[in-house]
Amino acid sequence: MGLKEELEAIKQKGISSIAETTDIKNLNDIRVKLLGKKGPITQSLRGIAKLSVEERPVVGSFANKIRDELATAISEKQAKLEAEKLNRKLAEETIDVTLPGNQVPAGHPHIIQETIDEIESIFMGMGYQVLTGPEVEEEYYNFEMMNLPKNHPARDMQDTFYITKEILMRTHTSPMQARTLEKHDFSKGPLKMISPGVVFRRDTDDPTHSHQFHQVEGIVIDKHITMADLKGTLEVMTHKLFGDKFKVRLRPSYFPFTEPSVEADITCMNCNGKGCDVCKGSGWIEVLGAGMVHPNVLKMAGVDAEEYGGFAFGVGPDRFAMLKYGVNDIRDFYLNDLRFLKQFD
Ligand code: DAH
């Protein structure tokens, strides 16, 4: 076989092995083997010396042509393999945006907290400031400053957890009335404040009692505030929380820190006021205590009770949430049973 045929055979073999390979690494091996110094083209060119002077350049340039052709075939194949590899990768990484996503379990505020947030935003909308006070409170603010002097029989209305003689777990959020009144500068405008928080009572837990529950205290002090303002305010709160068809009714009551004192009822949401088990047939549900702030409370906090007066109220978000969501055991709110809590997702 002549040198030219030999080179032609090398080319054919090379072309078919390039065509066959499907792997970039393997293609690289083929390149080294075919075109390298020890490759068949270089080897066969050794025989060029045996050729005549005229034939040498012809065969030489033929060999170069074959080398170029093989090199081109290799780089074309390389480009093809690389493109294939990229396409494969892109196909593997394709995201099917129509597939349903993985549900990440997300928490949410406790239903009582949500109720408090709702109450807060209603009152903020009416220009109230929201303040919080200490849960471990001085007996002085919890009772004394709320017009409940020592040995006052009404102290028994609220069974108390005492820490020392002077320090206790607050039994209501009302001490925030005194704390705020003491600091308020009336020359800068009226006082309009609500104070949400936890309160504590030495109660035995049962479906309607808990030794720990929540209250939102409210107080408005200015010149010329009347009980009509109180009723109007409670109506706004009730309409926003429950709906416009709910009515508010005030009944005379007694609290040492208000005079006159009232209890407020709203239309029973279970029977829409017709009378049922939940409202014990009356059509009304008691939801809060309120009244016109007692002059003694103002005086003790250093406020001129001749010039200034106003109303206060204390609402129970636990009770609101029970009524709104039909929960009939207050303890459910505190047991952290996920099956209960998840209802409000
Ligand atoms: N502090 C009272 C309680 O815990 C609730 C209350 C009644 C608050 C009348 C008030 C009020 O501000 O005016 O039972």
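Residues numbered from 1 in each chain as written. Predicted model: local features only at pLDDT ≥ 70, side-chain atom pairs only at ≥ 80, totals over all residues. Heavy atoms only, no water.

**Regarding the overall build of the chain**
Under the convention used in this document: Counting from the N terminus, the helices are the DSSP runs of H or I reaching at least four residues and the strands are the DSSP runs of E reaching at least two. Throughout, radius of gyration means the C-alpha value; the globule benchmark is 2.2 Å times the number of residues raised to the power 0.38. For the exposure calls, accessible area comes from a 1.4 Å probe over protein chains only, and a residue counts as buried if that area is under 20% of its type's maximum, exposed if over 50%, partly exposed in between. Pairs of residues are marked as contacts when any of their non-hydrogen atoms sit within 4.5 Å.
Each helix and strand counted, the chain has 11 helices and nine strands in total. Rg of the C-alpha trace for the chain: 44 Å, well past the compact-globule value of 20 Å for 345 residues, more than 25% over. C-alpha extents for the chain along the principal axes are approximately 135 × 50 × 40 Å. Going through the 345 residues of the chain one by one, you find that 42% of them count as buried. Counting contacts in the chain only where the partners sit at least 6 residues apart, residues at least 24 apart contribute 66% of the total.

**Here we look at the nonpolar core**
Stated formally: In this description, a nonpolar core means a group of buried Ala, Val, Leu, Ile, Met, Phe, Trp, Tyr and Cys residues linked to one another through side-chain atoms lying within 4.5 Å.
By size, the foremost hydrophobic cluster in this structure holds 32 residues, and its most contacted members are Leu234, Met237, Leu288, Phe313, Val315 and Phe320. Residue assignment for this core shows that the elements contributing at least two residues are α5 (111-124), β5 (212-222), α8 (227-242), β7 (258-267), β8 (284-293), β9 (309-315) and α10 (317-325). Non-local contacts of Phe313, meaning those with residues more than four positions away in its chain, are made with Phe123, Ile194, Val216, Glu217, Gly218, Leu230, Leu234, Leu288, Gly289 and Ala290. Formed by 24 residues, the second largest nonpolar core is a distinct cluster that contains Leu181, Met193, Phe255 and Val303.

**Notes on the domain arrangement of the chain**
Many structure descriptions define interface size as the accessible area lost when the parts assemble. Quick note on the threshold: Domain ranges listed in this record stem from an automatic or a database domain assignment.
Taken domain by domain, the chain comprises domain 1 (3-92) and domain 2 (111-344). Distance between the C-alpha centres of domain 1 and domain 2: 92 Å.

**Considerations on helix α4 (residues 55-93)**
Short version of the rule: Take the number of residues in a helix, subtract one, and multiply by 1.5 Å to get its expected span.
The end-to-end C-alpha distance of α4 is 57 Å, a good match for the 57 Å that 39 residues give at a rise of 1.5 Å each. Of the positions making up α4, those classed as buried are Val59, Gly60, Phe62, Ala63, Ile66, Leu70, Ala73, Ile74, Lys77 and Leu81. Buried residues in α4 make contact with α1 (3-20), α2 (24-35) and α3 (40-45).

**Considering the site of the ligand**
Which entries qualify depends on this criterion: Neighbouring residues are identified by heavy atoms, a residue being near a molecule or strand if any of them is within 4 Å of it. Under this definition, polar contacts are N or O atom pairs within 3.5 Å; protein pairs additionally need one hydrogen-donor-capable and one acceptor-capable atom, and for neighbouring residues in sequence, both atoms have to be side-chain atoms. The method behind every accessible area is Shrake-Rupley, applied with a 1.4 Å probe, and residues are considered shielded solely by the protein chains displayed. Under the grouping applied here, Gly and all other residues not named as nonpolar or charged are polar, the nonpolar ones being Ala, Val, Leu, Ile, Met, Phe, Trp, Tyr, Cys and Pro and the charged ones Asp, Glu, Lys and Arg.
Lining the immediate environment of the ligand, one finds 16 residues, of which His172, Ser174, Arg201, Gln215 and Glu217 sit closest. Between the ligand and Gln215, the relevant distance is 2.8 Å, taken from an oxygen atom to a side-chain nitrogen or oxygen of the residue. Ala312 places a polar main-chain atom, nitrogen or oxygen, 3.2 Å from an oxygen atom of the ligand. Protein coverage of the free-state accessible area of the ligand, which is 350 Å², stands at 91%. Those elements that place two or more of their residues in the shell around the ligand are β5, β8 and β9. Residue classes in the shell around the ligand are distributed as five nonpolar, nine polar and two charged.

**A look at the pairing of strand β6 (residues 248-253)**
Rules: When DSSP finds two or more bridges between a pair of strands, those strands are recorded as paired.
Relative to β7, β6 is paired through six bridges, and the arrangement is antiparallel. Across the sheet, the residue bridging to Arg251 is Glu263, located in β7. Where β6 folds back onto β7 in an antiparallel hairpin, the turn is made up of four residues.

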